[in-house]
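So the chains spell out like this:
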Amino acid sequence: MTDEPATTASPAARSSRAVILARIREALRVPAPPPHMLDRQLVTAAEPPTASQPDRGSGFPTLSVLPAEAGRPWLPDGGATPEERLALLTDNLEKLRAVVHRCGSADEAGSVVAELARSNSWQRVAFHHDPLIEPLVPQLPCEVVEVDGADGSDKHRLEACDAGISSCELLVAQTGSILVSSRLSGGRGLSILPHVHVVVAHTSQIFGTLGDALEATKARHGGQLPSMLSFITGPSRTGDIERILVLGAHGPKELHVILIG
Amino acid sequence: MNHKRTGAMTTIQHTAASTSHETGKKPPAEAASHRGAAPKRQFLLDAAAHVADTGHRTFVNSALGGYYKSRDAQKARYRDWEHARDAASLAKWTAVNRLDELLEQFTSRFEAHGGTVHWAANAEEARSIILGLVRKADAKAIIKSKCMTSEEIHLNAALEEEGYGVVESDLGEFIQQLRGEPPYHFVFPCMHVRRDEISTLFHDNLGSEPTDSPEELTMIARRHMRQLYVNADVGITGANFLVAETGQISITENEGNARLTAALPKMHIALAGIEKVVANLDDLSVLLPMLATAGAGQPMTCYNTLYSGPRREGECDGPEEMHLVLLDNARTALLADAEQRDALQCIRCGACLNVCPIFKNVGGFTYGTTYQGPIGSVITPHLRGLADWNHLSGASSLCGACSDACPVRIDIHHHLLHNRRNAARTAPNWLEKIGHRLFVVVASRPWLFRIAGWIARHTMGLARRLKPPLVREWLASRDLPSPPAESFRTAWRRRQQAAAGAASSHRSQPRP
Ligand code: SF4
């Protein structure tokens, strides 16, 4: 073994790429039997290739050629109206052991967060710049750390924080998930390293299904997706010891969702 | 303490020797089994020992009890689970059958975001790529989140051999690393370990107070791990999906350890099999919930994270470099078998293990493979050779529970039959062959069949008493029925005659 780091630039790596792709093409020359499905109606746009029609051209069916089933009426429900979505989201979050706080205004949200800080005697709280979060910060009765401030995010300082307050891209009613991103939610560490994660969101950010959420995220960021997009579905958990549920394995033990509006 | 050869994580160092027991002194790739003996013989020995251990089986089954309940509850939330399986099956089938095209698309989009893709034809190459990257980063400490592909290539042993300390951060994998054992189940790595054993393990290795609370044990690991995340220079993760459309990798987890592993160190290395690619981001809106429901009885796992490269301009943290290692390691051999190509659709949810009567009786270690259970029995002969691993095709009652459980509709139990057939073609068993020939001769001649039946009826009792070879093995765990007094054909003829007699006497009676 040499001490030279392997990179894609090395001839060996380039040839492995060629070798693997050649093996794949060779293997795929024999067409596979059609996919196992109960309901072949699903494949409407194009019949999958068969032995008699082994073309692997662009006429291939993909999941996206099933728009006839908008909303995918076979997945769990995502709610038809904003009210239904809000109710579904709240219900799902509570089942996941997240705590939902409904607030009429940013002011009210500020006092909810301040009260959380007081009752849990938080010493230090991390946050990032966001129009939903900035108004809450002055009310906090403790030291605050700004992760996207001038000197950037220091992971040692962030580790010492009791809680992190972030905004989110959107929320998903169907699964009770919160989508955070490295661009709009204060980077990668803020929503995972502190012991408590507080999400501040507006009810207008609630989407019905995961499919809608992914579509909207692509549309928002275009070709420049954030380097990290994470669906958070409840506080961190593990069942590794005797399959018994324990919250707070490595990520936040508590997840508070503050819904304004 | 700071030099990599002494290892920054001294508490873990002493387990390095025991962790590598799976490979011993042999080069990792050559180690067929972690136990030395021929895989088949070892399978039979371990299975017998495990089946006799009723305490262990009861423990594992009760641990699975909670899973069945939550899985059923979550499945009920789907408006049509079977239809969802169709969609998941189609999405993965499409991806596997367009693998070359999608991998190239994925690679160019991933690299456009600043990450680097490395292609590894086999385990050896993947290890040397990762070692090269770790050296380049001058790593003092490596943190790793759950990655079965790294078990497949024996990555930890290779890193430790070079003097790098590597800590498994997933709780189950951490416990297995401290125990010096491979994972018992590829989703629930330490489901066979009792809490008192974990308490002793933590007491001995981390100096914690003994406790019998799973919550307290989890917190001990949490406290131990936090500084390790912050101080690690390299984070290694797996990947559950590679999205060709957007060039993102998707990682599914519950604990948050993979999030931390990919957030704090300055280099992120992900390792994934080439079959992980899917065509569209939208495919995940079906696959992510189904993976969680089938695998762990959850609506979604806690963290489903998409990464597309290192920290970007304007983001306040994240790694400076991101590398993805794409591993073939005989997956293309499985791809070349069109009949069993759908086995590459596997999303490693573990559902087929959880419902398998064989897995529940022989346990995860008996398989001696990286991937246990029904799907492991299907793919291991392809990945490691049919001659040595064909016995796994027999480790099935062919009940089909695995195929029913599979969210992507892999025809698992039929593939076990296909492997048996292929093995019979390539390496026929002479005893079986002669037996079948004889059967054909006898069964196609009624007079011979009659004589053979008569002999069988009159010697079965004797065989039960004398236990000659072949019969002895059968009798070890089963009984021979008492021989019937007459052949089926005699009994049938008598029955027909009696019925005819009854019918004619019925007809002759006057109607009321
Ligand atoms: S074969 Fe199917 S059930 Fe088994 S792990 Fe793979 S996806 Fe899950």
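Use the structure listed above.
All values derive from a computational prediction rather than experimental measurement.

Engineer: It is not clear to me how the sheet that holds strand β1 (residues 116–120) of chain B should be interpreted in this structure. Could you clarify?
Structural biologist: To summarise the sheet geometry, strands pair through backbone hydrogen bonds and adopt either a parallel or an antiparallel arrangement. Residues and elements named next belong to chain B. If you walk across this open sheet you meet the six strands as β1-β10-β7-β4-β2-β3, and the pairing is parallel. Strands with a single pairing partner mark the edges of an open sheet, and in this sheet they are β1 and β3 (166–168). Sheet twist, expressed as the mean angle between neighbouring strand axes with direction ignored, is 20°. In this sheet, β3 lies alongside strand β2 (residues 142–144) in parallel orientation, the contact comprising three bridges. Residue pairing in the sheet places I142 in a bridge with V166 of β3. Running over the sheet, helix α6 (residues 99–112) touches β1 and β10 (321–327) and is turned about 145° from β1.

Engineer: Sorry if this is basic, but what is going on with the sheet that holds strand β6 (residues 177–181) of chain A here?
Structural biologist: A sheet is described by the order of its strands in space; here eight strands give the open sequence β8(A)-β5(A)-β6(A)-β9(A)-β9(B)-β6(B)-β5(B)-β8(B), paired in mixed fashion. Every interior strand has two partners, whereas the edge strands, β8 (206–207) of chain A together with β8 (277–278) of chain B, have only one. Two elements, strand β5 (residues 241–243) of chain B and β8(B), share two bridges in a ladder whose sense is parallel. Counted as the bridge partner of B:L242 is B:V277 from β8(B).

Engineer: How should the pairing of strand β7 (residues 267–273) of chain B be read in this particular structure?
Structural biologist: The side chains of a regular strand alternate between the sheet's two faces. Residues and elements named next belong to chain B. The element β7 is extensively covered by neighbouring structure, given that seven of its seven residues are classed as buried. Residues M267, I269, L271 and G273 line one face of β7 and the alternating positions H268, A270 and A272 line the opposite face, and both faces are buried. Sheet topology places strand β4 (residues 234–237) next to β7; four bridges connect them, and they run parallel. The residue bridging V234 from the neighbouring strand is M267, located in β7.

Engineer: In this structure, what is going on with the interface of chain B and chain A? I would like to understand it.
Structural biologist: Interface size, as often reported, equals the accessible area lost upon joining of the parts. Every contact between the two is made by 115 residues of chain B and, on the other side, 101 residues of chain A. A combined buried area of about 9700 Å² lies between chain B and chain A, and 59% of that area is made up of carbon and sulfur atoms. For the chain B face of the interface with chain A, the top three residues by lost area are B:R79, B:W93 and B:R222, together amounting to 8%. Scanning the region where chain B abuts chain A turns up ten salt bridges. One salt bridge connects A:E242 with B:R195, and the closest N-O pair in it is separated by 3.1 Å. Counting the contacts that link chain B with chain A gives 54 residue pairs in polar contact (both at pLDDT 80 or more).

Engineer: I would appreciate a short explanation of the nonpolar core in the present structure.
Structural biologist: It is characteristic of soluble globular proteins that their nonpolar side chains tend to be buried jointly. The biggest cluster of nonpolar side chains holds 153 residues, and the ones touching the most others in it are A:I178, B:F202 and B:I249. When neighbours within four sequence positions are excluded, A:I178 is seen to be in contact with A:L93, A:C168, A:L170, A:L171, A:V199, A:S230, A:F231, A:I232, A:L255 and A:V257.

Thresholds, definitions, all that
Residues numbered from 1 in each chain as written. Chains lettered and ligands numbered in written order. Predicted model: local features only at pLDDT ≥ 70, side-chain atom pairs only at ≥ 80, totals over all residues. Heavy atoms only, no water. Pairing = 2+ DSSP bridges. Helix = DSSP H or I, 4+ residues; strand = E, 2+ residues; numbered from the N terminus. Axes fitted to C-alpha atoms, helices over the stretch in contact; angles between N-to-C directions. Contact = heavy atoms within 4.5 Å. Buried < 20%, exposed > 50% of the residue type's maximum accessible area, 1.4 Å probe, protein only. Buried area = accessible area lost by both parts, 1.4 Å probe. Salt bridge = Lys/Arg side-chain N within 4 Å of Asp/Glu carboxyl O. Polar contact = N/O pair within 3.5 Å; in protein donor to acceptor, adjacent residues only side chain to side chain. Core = buried A, V, L, I, M, F, W, Y, C linked by side-chain atoms within 4.5 Å.

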